[in-house]
Number of protein chains: 2
Amino acid sequence: MNPPIVRALRAIVGDAGLVVDETRRIPYECDGLAFERQKPRLVLLPGNTEEALGCMRILHEEGIPIVARGAGTGLTGGATPVEGGVVVGTARMRRVLEINVQDRYARAEAGLVNLDLSRACADDGLMYAPDPSSQMACTIGGNVANNSGGPHCFKYGNTSRHVLGLKIVTPEGELLDLSRPETDPEGLDLVGLFVGSEGMFGLATEVTVRLLPAPENVETVLAIFPDLDDACDAVSEIIAERWDPSALEILDRLTIQAVEASIYAAGYPAEADAVLLIEIEGSRAECDANYNGISAVLDRHRVIEARRAQTEQERKKLWAGRKGAYGAMGRIAPDLYVSDVVVPRTKLRELVRKSTEICSEYGLKLTNVFHAGDGNLHPNLSYDRRDSDELKRVLAAGDEIMEAVIAAGGTLSGEHGVGLEKRDQMPMYFSQPDLDIMLAVRAAWDQQQRMNPGKLLPIRACNEHMPFKGLNR
Amino acid sequence: MNPPIVRALRAIVGDAGLVVDETRRIPYECDGLAFERQKPRLVLLPGNTEEALGCMRILHEEGIPIVARGAGTGLTGGATPVEGGVVVGTARMRRVLEINVQDRYARAEAGLVNLDLSRACADDGLMYAPDPSSQMACTIGGNVANNSGGPHCFKYGNTSRHVLGLKIVTPEGELLDLSRPETDPEGLDLVGLFVGSEGMFGLATEVTVRLLPAPENVETVLAIFPDLDDACDAVSEIIAERWDPSALEILDRLTIQAVEASIYAAGYPAEADAVLLIEIEGSRAECDANYNGISAVLDRHRVIEARRAQTEQERKKLWAGRKGAYGAMGRIAPDLYVSDVVVPRTKLRELVRKSTEICSEYGLKLTNVFHAGDGNLHPNLSYDRRDSDELKRVLAAGDEIMEAVIAAGGTLSGEHGVGLEKRDQMPMYFSQPDLDIMLAVRAAWDQQQRMNPGKLLPIRACNEHMPFKGLNR
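Here the structure is a predicted model, which is why all the values come from computation and not from measurement.

Draft legend 1. Local environment of the overall build of chain A. The helix and strand tally for chain A stands at 15 helices and 20 strands. Computed over C-alpha atoms, the radius of gyration of chain A comes to 22 Å, within 12% of the 23 Å expected from 2.2 N^0.38 for 473 residues, which places it in the range of a compact globule. Across its three principal axes, chain A shows a C-alpha extent of roughly 70 × 55 × 45 Å. Counting over 473 residues, chain A shows a buried share of 62%. Across chain A, contacts joining residues at least 24 apart in sequence account for 72% of those joining residues at least 6 apart.

And the structure:
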């Protein structure tokens, strides 16, 4: 990148805020979507909103494309600079700015790690509800970009239900201070619109979120089933009977085997075809009522065993298998393609079966770890990206699974966003008028379409179809 | 309006869908903001989405301004056709289209009355949470336009948290079918953006909403206080102590007097300076725990009496005063200017006092009925619109109250929208860059700005400041 520009940027962010060296730029060439890579021309790590404003102004003057990046834990290629340009990361903006106990909100810099926010308010008996599986690494800003979910979002809702305000640096380098904690939007809901916009409207530097009272008691039950169908049916019935669990997570047989062979071994019996992890929260009375009601449902669905944790340590042990599942899959193959779709709960069985069939046709290993409560399936395809034929089969299988999901009344994505991965599948779900409005709304924020170009929308303004040689399609 | 156009429209909606006669158009010249009136050139009442599409196409070809209208219960002039044009009402679209018990959602036409939706799913043990005080008349579509609230939105959140999908007719007469029940938005959140857009993006003809399980038990307690401050402090402490009421409503002395003098008389003692209406929901155990905890708080705040309803009939009686309050105010003066602002809960006392001072300076009668739980104040100024001097004082006092609210960290509107009433106050709250993005987003939906012109945004595109002789300003 030409030296005067680099000098001008260095003058704003200092050496610590600039990654110029080519090898040091390698980590920024992709996110969790491992097979799409593109090295950014430069990486900027502003230390605060002021520095971000300065950088964005210069990049605007120079007409340079910008890709915002949190921790890079995204799974759809949202943080991959496919069209080059500059990556602006939030790694140096991770301060908690305010915890307001009385009015129950927090203000934090966008680079704050999700789990650190809940830690910061734990002593006040409060919590931040959205808990992506990557919460030990992912950032609040990244969660905003993707409207991220997590196991407990079944009860509490995804990120969009918890963001009360934002400080946004526009593509032109102007500041929108919408950071006041508004439980209901004023005027047009710019904050709500920004959540889930995948870095295409600007750079969020501060996030104001709702905090919730931490539950009095949290109980965890691990139910082991001889058949995945039984686990799925139990989930539907628990909800139909109006019991009120805070999380309902299912792991399938292949996942269990990977977990049992790993350091996360949780002692699941060999005959287990599926395990269902159930969390219950509330007063003692509520927990007991829910536990008893849910146990009765489990019994009706041939549960082999239901383990109720008696101590916090036992609770953590029951969760260990779930939290370690993705790590454990490294034993199956070096790479993992994690899909993310939502289907009506009543169709969980059918779609898990269908995905399994599709993958076996392609000779691929499929594992299922999913948020059963809200019908959020994660078909995980293990592969080795050095095997280009296997990669082709993974992508073809992924497409077929998506077609089956949408045919069953499901949706394109549940909590990971669209990014690159599903960009060209958007027309499977949205009509041209839908997409045209999205394009126009994007242009309202970013006339030049410099923010995260090539993501989310399959076409540019004026319906020019985008060249896309990625994903081997 | 020129006959060929009227003929073309009649051919689509039939005689029942057309209001041409001048006297029959009078009811459409304003909504609940009584002092701004303008007769529409024509009123259209399409019977379904198809008819709405046909009408919108013709109006687009003719470049005629359009104002959407539900029941006309809005309080900010949002449905008043200030710039003339055609009113498109939803009065003939009030069918419930689907109640899905298993996946807990409903699809309804936009003209369905709010309360009728909850009635339609009551037998399935479900409910639609947002409950505006006008719920016996206001429509789901109107609720979407204004992101309406209600007493129970303290617990459940305003309309935007419950809308899962929409069928939208664009200003050009194109259909956006976003009516699938999505618990989390796909791509850019067009549905979330449309909620609260006050009829400026198009006409919603179908609404898909989340249904919630109706609570096992509902308890109502009426607490009578010798001093409004005590009532406000009790509310703050109930929440600080983490009790979980579903509604916290306060009525002040003047309101109590009006209620007691009316057919809604609830037998409030003469020494009552404020009453606090508390609702509790949940299992028997939860209700008892909350009742006991909340009672202890009330005692600490000098409550004169706390009445706990023992029967459904008693419950209704306790609510009667609250629900009848606005009707009762008709005894104070013929017209009522209902303001709507939100302040931090901890500042309720201060702002109620301040509003009272301001109104007494202007020699105006102020009543306060408010959603104390979420700090949503409703300063109600009684007046007679035939007295132009009194009207001037009402508007001046309204402005001063707004300035005080914003100075205290409050917001412009809580649940009634911006409409005409607060349009010119938007710059008190939003910066020019904020407003510019809102304008651009509006243009993304409605390039010609034909939908509800003159509302919400104080400026048109290209920063042309709008002529606004209304509100005597």
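From this point, the discussion proceeds with the structure in view.
Draft legend 2. Quick peek at the nonpolar core. Ranked by internal contacts, the top residues of the largest apolar core, which has 185 residues, are Trp445(A) and Trp445(B). Setting aside residues no more than four positions away along its own chain, Trp445(B) makes contact with Ile437(A), Val441(A), Ile168(B), Pro171(B), Glu172(B), Leu176(B), Leu190(B), Leu193(B), Phe194(B) and Phe201(B).

Draft legend 3. Molecular detail of the relation of the copies chain B and chain A. When chain B is fitted onto chain A, the two copies agree to an RMSD of 0.0 Å after a turn of 180° and an axial shift of 0.0 Å. Given the turn and translation reported, the copies of this chain are related as if by a two-fold rotation axis. Mapped onto chain A, 100% of the interface residues of chain B again fall at the interface, so both copies present the same surface.

Draft legend 4. Helix 12 (residues 348-361) of chain B, seen in detail. All names here are of chain B. Compared with the 20 Å implied by 1.5 Å per residue over 14 residues, the 20 Å span of helix 12 between its first and last C-alpha is a close match. Every buried residue of helix 12 is listed here: Leu348, Leu351, Val352, Ser355, Ile358 and Cys359. Down the axis of helix 12, the sector holding all buried residues measures 125°, keeping them to one side. When the buried face of helix 12 is taken as reference, the exposed residues oriented beyond 90 degrees from it are Ser360 and Glu361. Looking at the buried residues of helix 12, the elements they touch are helix 8 (228-240), strand 18 (365-371), strand 19 (376-377), strand 20 (379-383) and helix 13 (388-407). One or two residues past the end of helix 12 sits Gly363, with phi positive at roughly 65°.

Draft legend 5. Structural view of the interface of chain B and chain A. Contact with chain B, which involves 57 residues of that partner, is made by 57 residues of chain A. Summed over both sides, the interface between chain B and chain A buries roughly 4,900 Å², with carbon and sulfur atoms accounting for 54% of that surface. Its largest share of buried area at the contact with chain A, chain B owes to Arg161(B), Glu186(B) and Leu188(B), together 15% of the area lost on that side. Inspection of the chain B/chain A interface yields zero salt bridges. Linking chain B with chain A are 23 residue pairs in polar contact (both at pLDDT 80 or more), by the criterion used here. Looking at the side of chain B that touches chain A, the elements that each hand over two or more residues are strand 9 (175-178), helix 7 (190-194), helix 10 (284-300), helix 14 (426-429) and helix 15 (432-445) of chain B.

Draft legend 6. Fine view of the environment of Leu59(A). All names here are of chain A. Secondary-structure assignment places Leu59 in helix 3 (residues 49-61). As for Leu59 and Ala397, which are separated by 338 residues in sequence, their C-alpha atoms are 40 Å apart. The residues contacting Leu59, other than those within four sequence positions of it, are Leu9, Leu44, Ile64, Ile66, Val86, Val88 and Arg450.

Draft legend 7. Quick look at the domain arrangement of chain A. What the domain assignment reports for chain A is domain 1 (1-214), domain 2 (217-327), domain 3 (333-407) and domain 4 (428-465). The gap between the C-alpha centroids of domain 3 of chain A and domain 4 of chain A is 27 Å.

Draft legend 8. View of helix 9 (residues 253-260) of chain B. Residues and elements named next belong to chain B. The complete set of buried residues in helix 9 reads Thr255, Ile256, Ala258 and Val259. Angular distribution of buried residues about the axis of helix 9 spans 160°; they occupy a single face of the element. At its buried positions, helix 9 is contacted by strand 13 (245-252), strand 14 (274-282), helix 11 (312-328) and strand 18.

Draft legend 9. Up close: the environment of Lys155(B). All names here are of chain B. By the secondary structure assignment, Lys155 is in helix 6 (residues 153-156). Residues Lys155 and Cys30 lie 125 residues apart in sequence; the distance between their C-alpha atoms is 32 Å. In this structure, Lys155 is in contact with Asp244, Pro245, Ser246 and Glu281, ignoring residues within four places of it in sequence. A distance of 3.1 Å separates polar atoms of two side chains, one belonging to Lys155 and the other to Asp244.

Draft legend 10. Broad picture of the pattern of salt bridges. For the coordinates displayed, the defined rule picks out 62 salt bridges over all chains. For Asp116(A), the salt bridge is made with Arg119(A), and the minimal N-O distance between the two is 3.2 Å. Of this pair, Asp116(A) and Arg119(A) both sit in helix 4 (residues 114-122), three residues apart, which is roughly one turn of that helix. When its relative accessible area of 53% is taken as the criterion, Arg119(A) is described as exposed. Across the pair Arg107(B) and Glu206(B) runs a salt bridge whose closest N-O atoms are separated by 3.0 Å. Taken together, the residues span a long stretch of sequence, with Arg107(B) in strand 6 (residues 105-109) and Glu206(B) in strand 10 (residues 203-210) at a distance of 99 residues. For Glu206(B), a relative accessible area of 10% puts it in the buried group.

Procedures and definitions
Residues numbered from 1 in each chain as written. Chains lettered and ligands numbered in written order. Predicted model: local features only at pLDDT ≥ 70, side-chain atom pairs only at ≥ 80, totals over all residues. Heavy atoms only, no water. Helix = DSSP H or I, 4+ residues; strand = E, 2+ residues; numbered from the N terminus. Rg over C-alpha atoms; globule rule 2.2 N^0.38 Å. Buried < 20%, exposed > 50% of the residue type's maximum accessible area, 1.4 Å probe, protein only. Contact = heavy atoms within 4.5 Å. Core = buried A, V, L, I, M, F, W, Y, C linked by side-chain atoms within 4.5 Å. Least-squares fit on C-alpha atoms with pLDDT ≥ 70 in both. Expected span 1.5 Å × (residues − 1). Arc of directions from axis to C-beta. Buried area = accessible area lost by both parts, 1.4 Å probe. Salt bridge = Lys/Arg side-chain N within 4 Å of Asp/Glu carboxyl O. Polar contact = N/O pair within 3.5 Å; in protein donor to acceptor, adjacent residues only side chain to side chain. Domains from an automatic or database assignment.

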